[in-house]
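Letter by letter, the chains look like this.
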Amino acid sequence: MLEDEIKKNINKCSRCALCMQNCPIYKIKKDENNTARGLICKLSGYEKKVLSDKEIKKDLKICLNCSKCKSNCPSKVDTNLIFSYKNACFSPSKTSQRLLLALKLLPIKIFYLFNFFKRNKKSSIKSNILYFKGCVSKAQHKNTFLDNLFYNPDFSCCGIPYFAGGDLKNYNKAKAKNIELIKSANTVIFDCASCKSAVVDYYELSKEDKKKLLFFTNFLKNKKIKLKDNSKYKNKKITFHKPCHLINSDFEQIENILKTIDGINYIRLDEIDSCCGFGGSYFMYHPVISTKIALKKAKTIKNSKADLILSACPSCVMGLRFNQIISFNFKKTLEIRDFIEKECEII
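Residues numbered from 1 in each chain as written. Predicted model: local features only at pLDDT ≥ 70, side-chain atom pairs only at ≥ 80, totals over all residues. Heavy atoms only, no water.

### Re the overall build of the protein
Within the protein one finds 18 helices and 9 strands. With 347 residues in all, the protein has 52% of them scored as buried. Residue pairs at least 24 apart in sequence account for 73% of intrachain contacts in the protein once pairs closer than 6 positions are excluded. (Helix = DSSP H or I, 4+ residues; strand = E, 2+ residues; numbered from the N terminus. Buried < 20%, exposed > 50% of the residue type's maximum accessible area, 1.4 Å probe, protein only. Contact = heavy atoms within 4.5 Å.)

### A word on the pattern of salt bridges
Pairing is possible between side chains of opposite charge, provided their charged atoms come close. Counted by the stated rule, this structure contains 19 salt bridges. Residue Arg-268 is joined to Glu-255 by a salt bridge in which the shortest nitrogen-to-oxygen separation is 2.8 Å. Taken together, the residues Arg-268 in the loop between β6 (265-266) and α15 (282-285) and Glu-255 in helix α14 (residues 248-260) connect sequence positions 13 residues apart. For Arg-268, a relative accessible area of 47% puts it in the partly exposed group. In this structure, Glu-335 engages Arg-337 in a salt bridge whose closest nitrogen and oxygen atoms are separated by 3.4 Å. Of the two residues examined, Glu-335 and Arg-337, each falls in the buried class. (Salt bridge = Lys/Arg side-chain N within 4 Å of Asp/Glu carboxyl O.)

### Here's the deal with the sheet that holds strand β7 (residues 308-311)
Strand pairs in the sheet, formed through backbone hydrogen bonds, run parallel or antiparallel to each other. Taken together, the 4 strands give an open sheet; going across it, the order is β6-β5-β7-β8, and neighbouring strands pair in parallel fashion. Two strands in the sheet have a free side with no partner beyond their single neighbour: β6 and β8 (332-335). Summarising the sheet, strand β5 (residues 237-241) and β7 pair through 4 bridges and their orientation is parallel. Residue pairing across strands places His-241 opposite Ser-311, the latter belonging to β7. Helix α17 (residues 314-326) rests against β5, β7 and β8 of the sheet, and its axis sits at about 175° to β8. (Pairing = 2+ DSSP bridges. Axes fitted to C-alpha atoms, helices over the stretch in contact; angles between N-to-C directions.)

### Quick look at a positive patch on the surface
There is a patch of like positive charges on the surface, built from Lys-232, Arg-321, Lys-332 and Lys-342. On the secondary structure map, Arg-321 appears in helix α17. Residue class for Arg-321 comes out partly exposed when judged on its relative accessible area of 39%. (Patch = residues over 30% accessible without salt bridge, like charges linked within 9 Å, V, L, I, M, F, W, Y side chains within 5 Å. Areas by Shrake-Rupley, 256 points an atom, 1.4 Å probe, with all protein chains shown as cover. Lys, Arg positive; Asp, Glu negative; His and termini not counted. Charge placed at Lys NZ, Arg CZ, Asp CG, Glu CD.)

### Describing the packing of aromatic side chains
Under the definition given, this model contains 12 aromatic pairs. When the centroid spacing of 6.4 Å and the interplanar angle of 75° are considered together, the rings of Tyr-171 and Tyr-202 count as edge-to-face. Note that Tyr-171 is positioned in helix α11 (residues 168-183) and Tyr-202 in the loop between α12 (193-200) and α13 (207-211), a separation of 31 residues in sequence. By relative accessible area, which is 7% here, Tyr-171 ends up buried. We classify Tyr-202 as buried; its relative accessible area is 0%. Arranged with centres 5.3 Å apart and planes meeting at 40°, the rings of Phe-215 and Phe-216 form a pair that is tilted. Exposure remark for Phe-215: the relative accessible area of 1% places this residue in the buried category. (Phe/Tyr/Trp six-rings, centres within 6.5 Å; stacked < 30°, edge-to-face > 60°.)

### Quick look at the sheet that holds strand β3 (residues 213-215)
The parallel open sheet is built from 3 strands, whose spatial order is β1-β2-β3. Edge strands, defined here as strands with exactly one partner in the open sheet, are β1 (129-132) and β3. Across the sheet, the mean angle separating the axes of adjacent strands is 30° when strand polarity is ignored. Sitting on the sheet, α12 touches β1, β2 (187-190) and β3, and the angle it makes with β3 is about 165°.

### Some details on α12
Along α12, 7 of the 8 residues are buried, which leaves the element largely enclosed by surrounding structure. Those residues of α12 lying buried are Ala-193, Ser-194, Cys-195, Lys-196, Ser-197, Ala-198 and Val-199. Residues of α12 that are buried sit in contact with β1, α10 (160-164), α11, β2, β3 and α14.

### Let's talk about the environment of Ile-82
Within the secondary structure layout, Ile-82 lies in helix α7 (residues 79-90). Measuring from C-alpha to C-alpha, the distance between Ile-82 and Lys-7 comes to 8.5 Å, with 75 residues separating the pair along the chain. Non-local contacts of Ile-82, meaning those with residues more than four positions away in its chain, are made with Ile-6, Asn-9, Ile-10, Ile-40, Leu-43 and Val-77.

### Concerning a nonpolar patch on the surface
Among the surface-exposed residues, Ile-325, Phe-328 and Phe-330 lie close enough to one another that they form a single nonpolar patch of about 400 Å² accessible area. Along the chain, the position of Ile-325 falls in helix α17.

### A look at the confidence of the model for the protein
Here the protein shows a mean pLDDT of 86. Residues at 70 or above account for 90%. Of all helices and strands in the protein, the one with the weakest mean pLDDT is helix α8 (residues 95-116) (53), whereas β3 scores best (97). (pLDDT = per-residue confidence, 0-100.)

### Regarding α7
Its 12 residues place the ends of α7 16 Å apart at the C-alpha level, agreeing with the 16 Å of an ideal helix rising 1.5 Å per residue. Looking at the buried positions of α7, the neighbouring elements they touch are α1 (2-12), α4 (36-47), α5 (54-62), α6 (68-71), α10 and α11. (Expected span 1.5 Å × (residues − 1).)

### Comments concerning the pairing of β2
In β2, alternate side chains face the same way, and those of Thr-187 and Ile-189 on one face and Val-188 and Phe-190 on the other are all buried. Note that β1 and β2 share 4 bridges and pair parallel. Residue pairing in the sheet places Tyr-131 in a bridge with Ile-189 of β2. Here 3 bridges tie β2 to β3, and the two strands are oriented parallel to one another. Bridge assignment links Phe-190 to a residue of β3, and that residue is Phe-215.

In structure tokens:
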């Protein structure tokens, strides 16, 4: 069934090349082999037995999995599904890859274990609205204000690190648990754009199930939010980095909230859709390309003269902090959830 879905999506591509102008890798390398159109042409050649997998593997691995080709595709081709699955098939995870992934996740696991002993044994919130708390949030926070509003059933990892690393076994295991919890819920809220995007991409979920998946700001759109009296960001310039996996409707919602918060001066970044370059484990596998993308984003942020940079993905926040270092522009960077919890009051 999955193979049929892959072939269906490959055949939907009209080769229009709109993906090229939005691809952060193409902007750096200027090589069409690394774009969605180029990869799909190669995969079509593979299906027709004209090309071997060796001629595709390298280009697939350079893909950032940023979803920009998918979100800008007029034919609605699910490039994420195609490239991640084919990469996993052509390059299944080896011991060395699993060790590298484990190294990447090690700090998260250490923080998670540290917080485990401080963690509530079980969420006392009774609600059919579930909180999908991502791996980084679990590691960094015993409780967020969302833990106190919604039921946290301890979802598994969204699966992005496993899928991108070619580990289909652990990806499918995590996905199966998450799907079971989603089907039992009325609504599932997220505070990480990448986690939400990964779960929306579960092809086994029905359209009705996917309608349950909401970003947490959906519950704040009719609330009045103001800065706390003692906030150090009063009358300061605040901007927002839009993660690649944040859909436009969620971004518009976040931006509308930031515009209406009493006491801050919100400014929109130039090139709002540009990637931070971090890409989770991508930075570890392709540091040169990642740094080149990061430098372009760092310049945009520096030119904004913002005092605080917000985002909706913990991986992006880590990437943006790296950007601050390489551009010598040391400004505070926070997840928007943390900003609202620590610096604001919800009336």
